[in-house]
Amino acid sequence: MSIRVGEVIAVHGTKVVLKIDEQSSKETLFFEGDKYKGVSIREYLSIQRGFRDIICIVEGEFLDEGRTELQDGKQTFVRKVEARPIGYFDRAGFTQGIKYLPMIQDAAYLMPEEKIRSIFDRKTDGDFRIGRMLKEEIAVGLPWRRLFNSHVGIFGNTGSGKSNTLAKLYTVLFDKKLPLIEGKSRFVILDFNGEYGGEQLAPAASKTVYQLSTLTNPDPNDPKARFPLAPQEFWELETMALMFQATANTQRPFLNRVITGKQRFGVNLASLAAYAKAKFRQSFCAGEVKPATLDLMRTVAKRMGNQDILNMLGHVTWYRNGRFNYHGAFIDPDGAQYNAHIAPIVDTLDAQGLDDFDQLVLRVNLQLISDLNAGYVQFEHIQPLLKRVESSLASLRKVLTISDVPPVERLLTVISMRRCNNEIKKVLPLLFAKHFYNSHKTTVANPPDRTIHLIVDEAHNILSDQSAREAESWKDYRLEQFEEIIKEGRKFGMFITIASQRPADISPTIVSQLHNFFIHRLVNDRDLYLVENTISTLDALSRSLIPGLSQGCCVVTGTAFELPMVIQVDRLPSHKQPASEDVDLERLWSTPPEAAH
């Protein structure tokens, strides 16, 4: 038996009204050695109906001023509470959902802590705990089997504790399951702010950290200073189009011709030099030469480091008769003047020692020379792509390396982009997501025998559909890539965890595909509206708590959880916390500058 606290006096649909005894409002009660919480908002009551206990959550309390009772000779108002059924206990244990409803005069009882824990611990691993329930102060386990087999969203304003929740979730996972999941699953963190490059999450032996930077030149002897891509992946149309934001109708077909030429003749660098010499001859000896090819030839000579050709091209001018002139002699289509004056210098072209980035610049310029001479393209349509290739490669060379040697695969890969410029921060996450998604999709069995988990912290940086700094077509392409992963990835064993302080800025398609949520404090109306209209498993009472949640406290809900829970997430030890702590101004400002040094 338990402590009887009242009885049912009204049932309106799924809303139950109970008359509550005066003594039931005490905060804590003890009965036969068990601890009970008194009746208050968001506490649980058990209403006996036959052989079943119907479990209700208290949602409101009021005094009925129209009814009074005499107690100890004093007239008192009748105290009532409103409750909502959430499930029931029978011989098989707790079952979530409304199947039975109480009737008038059914007795209501308080619930001991162990029985409350059994509601939330059902179908969970009791050892997988990241915190305690806020109201009940009960440590409950999370259903890790269903949680990590889904897409997860962690939302909250800055300073609300979402980074600690993300780190705690995966720290507990690796602490408990590391020997069992190593070699079967991989975890990749896209870290925009450099929060996970230290001792966080996993031991150093199971962790690879890439510290990418566009601010300085990388150390050629440091394998973690640049992310390795295989040549066949770099020389692929989707990768090129992504890196250089190629338009669909003109620039993508042009890039496709560049890549096709590389695949046919790219093994031998001597063939690239021969190709360049042929295009130089074609440009000088065309029936009507194109003046734009002169600048393109200068770019090729400069990239190949041939100063003699640059000097020669400096004396070449274009005349309105449609011919190039070199030292007063017109270069005619018959090639005689070309062979006499130009060819001996052009024959010194040499492509040896060029890396893939230089080869790309060469091939793009040579392909444009070829297309202009053949009349395939308009120069002004392709020139923006050339400029993007040349400007982007300066940054991409600092953060990527093209290598046939596959990197050592470890359980956790952290890619820190803290020291990268905004342009690279937009492109690289897409490149990495596509890299891991495609390689996993083509090698995994059906059903999946391996999984890959992509974790995107500060996801609004790349998943926003509100950005005004980029072209609409590029924004659509960027979102489509991630939407494909989040919609189709589950079939191939690829799951995404996103953390963001502005969920309303993230594409609604992406948010709607998330299965489970850890929601910290949110105060913006658009964010709250999104939460209300997207997360079907969130009840009105839990939703009303979100704007006032304290630091580290979150509402947990989703398909892995039968009922929403409000959890105070435990803080990690200082050396395990993400590098996102607030500045301690008291300590910072308490020391004079000269003493601080």
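The structure we're discussing is the one just above.
The structure contained in this document is the topic of the report that follows.

About the thresholds
- Residues numbered from 1 in each chain as written.
- Predicted model: local features only at pLDDT ≥ 70, side-chain atom pairs only at ≥ 80, totals over all residues.
- Heavy atoms only, no water.
- Pairing = 2+ DSSP bridges.
- Helix = DSSP H or I, 4+ residues; strand = E, 2+ residues; numbered from the N terminus.
- Expected span 1.5 Å × (residues − 1).
- Buried < 20%, exposed > 50% of the residue type's maximum accessible area, 1.4 Å probe, protein only.
- Contact = heavy atoms within 4.5 Å.
- Phe/Tyr/Trp six-rings, centres within 6.5 Å; stacked < 30°, edge-to-face > 60°.
- Salt bridge = Lys/Arg side-chain N within 4 Å of Asp/Glu carboxyl O.

## What to know about the sheet that holds strand β16 (residues 324–326)
Move 1: Taken in spatial order, the three strands line up as β15-β16-β17 in an open sheet, and their pairing is antiparallel. The open sheet has two edge strands with one neighbour each: β15 (316–318) and β17 (329–330).

## Looking at helix α7 (residues 269–285)
Move 1: With 17 residues, α7 ought to run about 24 Å at 1.5 Å a step, and its terminal C-alpha atoms sit 25 Å apart, in line with that.
Move 2: Inspection of α7 places Leu-269, Leu-272, Ala-273, Ala-276, Lys-279, Phe-280, Ser-283, Phe-284 and Cys-285 among the buried residues, and these make up the whole buried set.
Move 3: On its buried side, α7 packs onto α8 (292–303), α9 (307–313), β15, β16, α10 (336–346) and α11 (356–374).

## Side note on the packing of aromatic side chains
Move 1: Tallied over the full model, the rule gives 17 aromatic pairs.
Move 2: Here the aromatic rings of Phe-155 and Phe-517 are separated by 6.3 Å at their centres, their planes lie at 45°, and the arrangement is tilted. Separated by 362 residues along the polypeptide, Phe-155 in strand β11 (residues 152–155) and Phe-517 in strand β22 (residues 516–519) bring together distant segments of the chain.
Move 3: Classification of Phe-517 by relative accessible area gives buried; the value is 3%.
Move 4: Ring centres of Tyr-437 and Phe-492 lie 6.3 Å apart, and the angle between their planes is 70°; on these two criteria the pair is classed as edge-to-face. On the criterion of sequence distance, the pair formed by Tyr-437 in helix α13 (residues 422–443) and Phe-492 in the loop between α15 (472–488) and β21 (494–500) is long-range, its members being 55 residues apart.
Move 5: You can call Tyr-437 buried: its relative accessible area is 3%.
Move 6: In textbook terms, an aromatic cluster arises when at least three aromatic residues are bridged by ring pairs, as seen for Phe-128, Phe-148, Tyr-170, Phe-174 and Phe-187.

## What about the pattern of salt bridges?
Move 1: Inspection of every chain in the model, using the stated rule, returns 16 salt bridges.
Move 2: Close ionic contact of Lys-115 with Asp-53 constitutes a salt bridge, the shortest N to O distance being 3.0 Å. With a gap of 62 residues between them, Lys-115 in helix α1 (residues 113–121) and Asp-53 in strand β6 (residues 52–71) connect regions that are remote in the sequence.
Move 3: Of the residues examined, Lys-115 reaches a relative accessible area of 24% and is grouped as partly exposed.
Move 4: In this structure Asp-53 comes out as buried when scored by relative accessible area, which is 17%.
Move 5: Across the pair Glu-409 and Arg-186 runs a salt bridge, and its minimum N-O distance is 3.7 Å. Here the residue Glu-409 occupies a position in the loop between β18 (400–402) and β19 (412–419), and Arg-186 occupies one in strand β12 (residues 185–191), the gap between them amounting to 223 residues.
Move 6: Relative accessible area serves as the criterion here: at 60%, Glu-409 is assigned to the exposed category.
Move 7: For Arg-186, a relative accessible area of 19% puts it in the buried group.
Move 8: Here the salt bridges do not stand alone but share partners, grouping Arg-303, Asp-355, Asp-358 and Arg-397 into one network.

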